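Chain by chain, the residues run as shown.
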Amino acid sequence: MEVKCTLCGRIDKITKIHKDYFKIARENASYVCEMCEKRVRYHAVEFNKPRKPM
Ligand SMILES: [Zn+2]
(Lines give C-alpha, C1' and ligand atoms only; values in the text may rest on other atoms or scores of the structure.)
Protein backbone atom coordinates (compact mmCIF):
# COMPACT_ATOMS: atom_id res chain seq x y z
CA MET A 1 0.00 0.00 0.00
CA GLU A 2 1.32 3.43 -0.88
CA VAL A 3 1.05 6.07 1.77
CA LYS A 4 2.04 9.68 1.83
CA CYS A 5 3.65 11.26 4.84
CA THR A 6 1.49 14.11 6.07
CA LEU A 7 4.50 16.08 7.24
CA CYS A 8 7.05 15.91 4.43
CA GLY A 9 4.98 14.46 1.59
CA ARG A 10 7.25 11.49 1.09
CA ILE A 11 5.63 8.46 -0.51
CA ASP A 12 6.32 5.25 1.33
CA LYS A 13 5.23 1.71 0.67
CA ILE A 14 4.05 -0.09 3.73
CA THR A 15 3.05 -3.68 4.19
CA LYS A 16 0.88 -5.46 6.67
CA ILE A 17 3.76 -5.70 9.10
CA HIS A 18 3.79 -1.95 9.55
CA LYS A 19 2.38 -1.04 12.94
CA ASP A 20 -0.11 1.44 11.53
CA TYR A 21 -1.09 -0.49 8.40
CA PHE A 22 -4.57 -1.47 9.50
CA LYS A 23 -5.22 1.87 11.10
CA ILE A 24 -4.36 3.64 7.88
CA ALA A 25 -6.14 1.14 5.66
CA ARG A 26 -9.31 1.01 7.72
CA GLU A 27 -9.64 4.44 9.24
CA ASN A 28 -7.73 6.38 6.62
CA ALA A 29 -5.49 7.59 9.42
CA SER A 30 -2.70 9.96 8.54
CA TYR A 31 0.69 8.49 7.91
CA VAL A 32 3.93 9.92 9.23
CA CYS A 33 7.17 8.51 7.90
CA GLU A 34 9.90 7.18 10.14
CA MET A 35 12.04 10.26 9.77
CA CYS A 36 9.28 12.68 10.67
CA GLU A 37 8.16 10.45 13.50
CA LYS A 38 11.64 10.60 14.99
CA ARG A 39 11.76 14.34 14.50
CA VAL A 40 8.37 14.83 16.10
CA ARG A 41 9.31 12.63 19.02
CA TYR A 42 12.57 14.52 19.47
CA HIS A 43 10.78 17.86 19.49
CA ALA A 44 8.20 16.53 21.92
CA VAL A 45 11.00 15.55 24.28
CA GLU A 46 12.67 18.92 23.87
CA PHE A 47 9.39 20.68 24.49
CA ASN A 48 8.83 18.83 27.74
CA LYS A 49 12.23 19.69 29.11
CA PRO A 50 12.21 22.46 31.66
CA ARG A 51 13.50 25.67 30.18
CA LYS A 52 16.76 27.07 31.37
CA PRO A 53 16.37 30.40 33.07
CA MET A 54 17.78 33.18 30.98
ZN1 LIG B 1 7.85 12.48 6.56
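Above this note sits the structure.
A brief structural summary. (Residues numbered from 1 in each chain as written. Predicted model: local features only at pLDDT ≥ 70, side-chain atom pairs only at ≥ 80, totals over all residues.)

## Details of the overall build of the protein
Keep this limit in mind: Each helix is a run of DSSP H or I of at least 4 residues and each strand a run of E of at least 2, with the numbering of both proceeding from the N terminus. Taken over C-alpha atoms, the radius of gyration is set against a globule rule of 2.2 Å times the number of residues to the power 0.38. C-beta atoms are placed from the backbone for every residue, and two residues are taken to be in contact when these atoms lie within 7 Å.
The secondary structure content of the protein amounts to 2 helices and 2 strands. The C-alpha radius of gyration of the protein comes to 15 Å, more than 25% above the 10 Å expected for a compact globule of 54 residues. When the backbone C-alpha atoms are referred to their principal axes, the protein occupies close to 50 × 20 × 15 Å. Within the protein, residue pairs in contact and separated by at least 24 positions form 45% of the contacts whose partners lie at least 6 positions apart.

## Thoughts on the environment of Lys 52
If you trace the backbone, Lys 52 turns up in the segment after helix 2 (34-48). For the pair Lys 52 and Thr 15, spaced 37 residues apart in sequence, the C-alpha to C-alpha distance is 43 Å.

## Details of unusual backbone geometry
The residue Asn 28 is not glycine, and still its phi comes out positive at about 55 degrees. On the secondary structure map, Asn 28 appears in the loop between helix 1 (21-27) and helix 2.

## Quick look at helix 2
So the rule is basically this: Here, expected helix span is obtained from the residue count minus one, scaled by 1.5 Å. Whether a residue is buried, exposed or partly exposed is read from the other C-beta atoms within 10 Å of its own C-beta, which are placed from the backbone; 20 or more gives buried, 12 or fewer gives exposed, and intermediate counts give partly exposed.
Its 15 residues give helix 2 an end-to-end C-alpha distance of 21 Å, which sits within 8% of 21 Å, the value for a rise of 1.5 Å per residue. Sparse coverage of helix 2 is indicated by the burial of 0 of its 15 residues.

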